[in-house]
Amino acid sequence: MNDYKQTRFSRIILILCAVIFLCGTLSIPFIDDSAMVSTRAFQMFETALMMLIIFIPMITNRVMQIKISPTMEIAFVTFCFASLILGDVANFYSRFAWWDTILHAISGVLMGIVGYAIINTFNRVDDNRLRYSPLFVVAWIICFSVAVGAIWEILEFITDGLFGLNSQEFYASSGTFDTVQPRIGRDALWDTMVDLILDLLGAIVVAIVGYFDVRKQKRRIYRSDV
């Protein structure tokens, strides 16, 4: 019987998001500016997404039988809350220039840990051998983390086009885009490429740790055969 329970922290964040979603949704009919309506609607979409994300650790545990520790659940929920709610809904991305950079550096590490947890679940001992070599685990961790980062950038590109946002910072500032100067050439690519590089660096850190951990597992198996 699976006795997995959400942490109290996750439940508090869920209630907070529900309040934000309700208040934000009720405020939309009273907004006159169409651009602001579009922005608020997207913010409420992100809030609803955040509420769904909170249940991912529970679903992963019950469906995939991948155990997630309370510490990892809190770290995962905190990161998503900082990205979706604080970043977009509370507008931290515009208020603090370093907010996006720090989150992407952390996301590379977190996604690397998730990738390692996934591959380690399937890297079980078979005839006193590990199914995957340390180098394969390294490659998987890096590819998984960078792939998630790339998907995130694609989502930012799509939402910028649909909702008139500036998530990828291709305009010099956020706001009404017909009054600001678009970035050109390398400057327009800067935010996206820095984000992907940070994702890669974070994944490499976890991959190095994962490499030595798998080697340690192999030595432990060989010693038990002696």
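Predicted model, so just to flag it, every value in this text is computed and none were measured. (Residues numbered from 1 in each chain as written. Predicted model: local features only at pLDDT ≥ 70, side-chain atom pairs only at ≥ 80, totals over all residues. Heavy atoms only, no water.)

A few points about the overall build of the protein chain
Note the cut-off: Runs of E in the DSSP output that reach at least two residues are strands. Runs of H or I that reach at least four are helices, and both are numbered from the N terminus. To sort residues, take the accessible area from a 1.4 Å probe on protein chains only and compare it with the maximum for the residue type: under 20% means buried, over 50% means exposed, and anything in between is partly exposed. Whether two residues touch is decided by their heavy atoms; if any such pair falls within 4.5 Å, the residues are in contact. Computed by Shrake-Rupley with a 1.4 Å probe, the accessible areas treat only the displayed protein chains as cover when residues are assessed.
Assigned secondary structure in the protein chain consists of 8 helices and 0 strands. Counting the 226 residues in the protein chain, one finds 36% classified as buried. Within the protein chain, contacts between residues separated by at least 24 positions form 67% of all contacts whose residues are at least 6 apart in sequence. Total accessible area on the protein chain is roughly 13800 Å²; 69% of this is exposed by carbon and sulfur atoms.

Some points on the packing of helix H1 (residues 8-27) against helix H4 (residues 70-89)
Rule in force here: As a rule, the C-alpha atoms of each element are fitted with a line to give its axis, helices using only the stretch in contact, and angles between N-to-C directions run from 0 to 180 degrees. Oblique is the label for any angle not under 35 degrees, not over 145, and not in the 65 to 115 range, which are roughly parallel, roughly antiparallel and roughly perpendicular in turn. Less than a right angle of anticlockwise turn of the near helix away from the far helix marks a crossing as left-handed, whereas a clockwise turn marks it as right-handed. In the scheme used here, Gly and all other residues not listed as nonpolar or charged are polar, with Ala, Val, Leu, Ile, Met, Phe, Trp, Tyr, Cys and Pro taken as nonpolar and Asp, Glu, Lys and Arg as charged.
For the pair H1 and H4, interaxial distance at closest approach is 10 Å and the crossing angle is 20°. Put simply, H1 runs roughly parallel to H4. Of the two elements, H1 crosses H4, and the hand of that crossing is left-handed. Side by side, H1 and H4 meet where Phe9, Ser10, Ile13, Leu16, Cys17 and Ile20 of the first sit next to Glu73, Ile74, Val77, Thr78, Phe81, Ile85 and Val89 of the second. Residues of the contact of H1 with H4, tallied by class, amount to 10 nonpolar, 2 polar and 1 charged.

A few points about the environment of aspartate 213
The condition is simple: For the purposes of these results, a polar contact is taken to be a pair of N or O atoms within 3.5 Å, where, inside protein, one atom must be able to donate a hydrogen and its partner to accept one; residues adjacent in sequence count only when each atom of the pair is a side-chain atom.
With respect to the helices and strands, aspartate 213 occurs in helix H8 (residues 186-225). On the basis of relative accessibility, which here comes to 28%, the residue aspartate 213 falls in the partly exposed class. For aspartate 213, the side chain forms a polar contact with the side chain of tyrosine 116, separated by 2.2 Å.

Topic: the nonpolar core
We apply this condition: Only buried Ala, Val, Leu, Ile, Met, Phe, Trp, Tyr and Cys residues count toward a nonpolar core, and they belong to the same one when joined by side-chain atoms within 4.5 Å.
With 19 residues, the main nonpolar core has Ile13, Cys17, Met50, Val77, Cys80 and Phe81 as its most contacted residues. Among the elements that line this core, the one with the most residues is H4, at 8 residues. Setting aside its immediate chain neighbours within four residues, cysteine 80 contacts Met50, Ile53 and Ile85. Core analysis: the second largest hydrophobic core is formed by 9 residues, Tyr116, Ile119, Leu130 and Val138 among them.

Topic: the packing of H4 against helix H6 (residues 99-122)
The N-to-C vectors of H4 and H6 enclose an angle of 150°; their axes lie 11 Å apart at closest approach. The pairing of H4 with H6 is recorded here as roughly antiparallel in orientation. Considering the relative orientation of H4 and H6, their crossing is left-handed. The segment H4 lies against H6, with Met72, Ala75, Phe79, Ala82, Ser83, Leu86 and Gly87 engaging Trp99, Leu103, Ile106, Ser107, Leu110 and Ile113. Residues of the contact of H4 with H6, tallied by class, amount to 10 nonpolar, 3 polar and no charged.

So, a nonpolar patch on the surface
Definition in use: Nonpolar side chains (Val, Leu, Ile, Met, Phe, Trp, Tyr) within 5 Å and like charges within 9 Å form the patches, drawn only from residues with over 30% relative accessible area and no salt bridge. Just to be clear on terms, a salt bridge is a Lys or Arg side-chain nitrogen sitting within 4 Å of an Asp or Glu carboxyl oxygen.
On the surface, Leu189, Met193, Ile197, Leu200, Leu201, Ile204, Ile208 and Phe212 cluster together to form a nonpolar patch covering roughly 720 Å² of accessible area. Topologically, leucine 201 is positioned in helix H8.

Side note on the confidence of the model for the protein chain
Put simply, the rule reads: Per residue, pLDDT measures the predictor's confidence, with a range of 0 to 100.
Mean pLDDT over the protein chain works out to 84, with 88% of the residues at or above the 70 mark. Looking at the elements of the protein chain, mean pLDDT is at its lowest for helix H3 (residues 56-63), recorded as 82, and at its highest for H1, recorded as 94.

Re helix H7 (residues 134-163)
Put simply, the test is: Multiplying 1.5 Å by the helix residue count minus one yields the expected span of that helix.
For H7, spanning 30 residues, the distance from its first C-alpha to its last is 43 Å, which sits close to the expected 44 Å at 1.5 Å a residue. Looking only at H7, the buried set comprises Pro134, Val137, Val138, Ile141, Phe144, Ser145, Gly149, Glu153, Glu156, Thr159 and Asp160. Two residues or fewer past H7, glycine 164 is found with a positive phi of approximately 65°.

As for unusual backbone geometry
Positive phi outside glycine occurs at asparagine 91, with the angle close to 65°. Along the chain, asparagine 91 turns up in the loop between H4 and helix H5 (92-95).

A look at H3
Put simply, the rule is: Note that the arc is defined by the directions from the helix axis to the C-beta atoms.
Buried within H3 are the following residues: Pro57, Met58, Thr60 and Asn61. Around the axis of H3, the buried residues are gathered within 165° of arc, so they sit on the same side. Glutamine 65 sits one or two residues past H3 and shows a positive phi near 60°.

Overview of the side chain of aspartate 199
Note the threshold: For this count, His and the chain ends are skipped, Lys and Arg are scored as positive, and Asp and Glu as negative.
Along the chain, aspartate 199 falls in helix H8. Buried and unpaired, aspartate 199 has arginine 186 as its nearest opposite-charge partner, separated by 17 Å. Here aspartate 199 is in contact with His104, Ser107, Gly108, Ser145 and Gly149, once residues within four sequence places are set aside.

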